[in-house]
Every structure is written in structure tokens, then in C-alpha cells.
Amino acid sequence: QLQLVESGGGLVQPGGSLRLSCAVSGFTLGSYAIGWFRQAPGKEREGVSCISSGGSTKYADSVKGRFTISKDNAKNTVYLQMNSLKPEDTAVYYCAASWASGAWRTCNEHAFGSWGQGTQVTVSS
């Protein structure tokens, strides 16, 4: 059974940093693409960043240069390093897995079938 568990969310001031972690079990990162998505109150869920099984990455324009996705296959964990955070980054952040080889290119939520429970990120002074 595929499981994904996010951690690392919290309250941070604008300009600050957080690192989210997505611990996976029931599958190996070498076989699945992983995506980070977020949903703010009253808004649709959007793709933030995705990483392929081979390590290729994709970022939303809104986070390019500020966020970095990475993974440690040995630890079965995917990370999202978030720097220079802005109030508009406030959202529940989810990680999700996809077996589709091209899912990371579009980073579209509809290509990802297994989801974690989410972690809240709040950027506020």
C-alpha cells in the first residue's frame, strides 16, 4: 500500500524558510514521480514542483528561484526547500505520487493518484 506522509510545515515570517519532507512507503522513489501541490483557502489546488523518478524537476513560475525539490532514494524521502517565503505561499501543502513516466513534466494533480494528508504552511508577520 502506497503511503505518503508530509511534515515540516508551520508558521514563518515573510522572507523566511521552511523545508517540507514527504516520507514514502510501499514503493520506491526510483519508480515513481513525486509532486508537491498546495491549496490555499478558496483557491484550487495547484502544482508547485515535481520530480521524476530519475531526478528531473519542474517548478511553477511562482516559485522558481525560491523553492527547490530534491529526494533521497535511500531514505525514501522527498524534500521541498522553500526560501524567501511570501504571504501568498500560505496554503496546505501536499505530496503525491504518480507511476506515469511523464507526470513530472506537467506537474498536474490529475496525473497523481496517491496523496498524503497535507501540512499547513503559514507565512505571516
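Above this text sits the structure in question.
Summarised in this report is the structure supplied together with it.

About the thresholds
- Residues numbered from 1 in each chain as written.
- Predicted model: local features only at pLDDT ≥ 70, side-chain atom pairs only at ≥ 80, totals over all residues.
- Heavy atoms only, no water.
- Buried < 20%, exposed > 50% of the residue type's maximum accessible area, 1.4 Å probe, protein only.
- Helix = DSSP H or I, 4+ residues; strand = E, 2+ residues; numbered from the N terminus.
- Pairing = 2+ DSSP bridges.
- Core = buried A, V, L, I, M, F, W, Y, C linked by side-chain atoms within 4.5 Å.
- Contact = heavy atoms within 4.5 Å.
- Disulfide = S-S within 2.5 Å.

### Observations regarding the pairing of strand β11 (residues 119–123)
For a regular strand, side-chain orientation follows a simple rule: the groups alternate between the two sheet faces.
Thinking step 1. Across the two faces of β11 the burial differs, with Thr119, Val121 and Val123 buried and Gln120 and Thr122 not buried at all.
Thinking step 2. One ladder, built from three bridges, connects strand β2 (residues 10–12) with β11; its direction is parallel. Residue pairing across strands places Gly10 opposite Val121, the latter belonging to β11.

### Let's talk about the nonpolar core
Within soluble globular proteins, side chains that are nonpolar tend to cluster in buried spots.
Thinking step 1. By size, the foremost hydrophobic cluster in this structure holds 28 residues, and its most contacted members are Ile34, Trp36, Leu80, Met82 and Tyr93.
Thinking step 2. Not counting residues up to four positions away in its chain, the partners in contact with Met82 are Gly16, Ser17, Leu18, Leu20, Arg66, Phe67, Tyr93 and Val121.
Thinking step 3. Cys50, Ala96, Ala103 and Cys107 belong to the second largest nonpolar core, which has eight residues in total.

### Quick word on the state of the cysteines
Thinking step 1. What the rule picks out here adds up to two disulfides.
Thinking step 2. A sulfur-sulfur separation of 2.1 Å characterises the disulfide bridge that pairs Cys22 with Cys95. Disulfide Cys22 to Cys95: torsion about the S-S bond roughly 75 degrees, handedness right-handed. Here the residue Cys22 occupies a position in strand β3 (residues 18–25), and Cys95 occupies one in strand β9 (residues 91–98), the gap between them amounting to 73 residues. Cys95 matches Cys22 in its accessibility class, with the two residues each being buried.
Thinking step 3. In this model, Cys50 is linked to Cys107 through a disulfide, with the two sulfur atoms separated by 2.0 Å. Residues Cys50 and Cys107 share a disulfide whose torsion about the S-S bond is about 85 degrees; that sign makes it right-handed.

### Remarks on unusual backbone geometry
Phi is mostly negative for residues that are not glycine, and the peptide bonds are mostly trans.
Thinking step 1. One non-glycine residue with positive phi stands out, namely Ser84, at about 50 degrees.
Thinking step 2. Here Ser84 is to be found in the loop between β8 (77–82) and β9.
Thinking step 3. We classify Ser84 as partly exposed; its relative accessible area is 41%.
Thinking step 4. In the Ramachandran plot, Cys107 falls in the positive-phi region, its phi being about 50 degrees despite a non-glycine side chain.
Thinking step 5. Position of Cys107 among the secondary structure elements: in the loop between α1 (103–106) and β10 (114–115).
Thinking step 6. Under the relative-accessibility criterion, Cys107 is labelled buried at 9%.

Interpretation note: all reported values are geometric properties and have no functional meaning in isolation.
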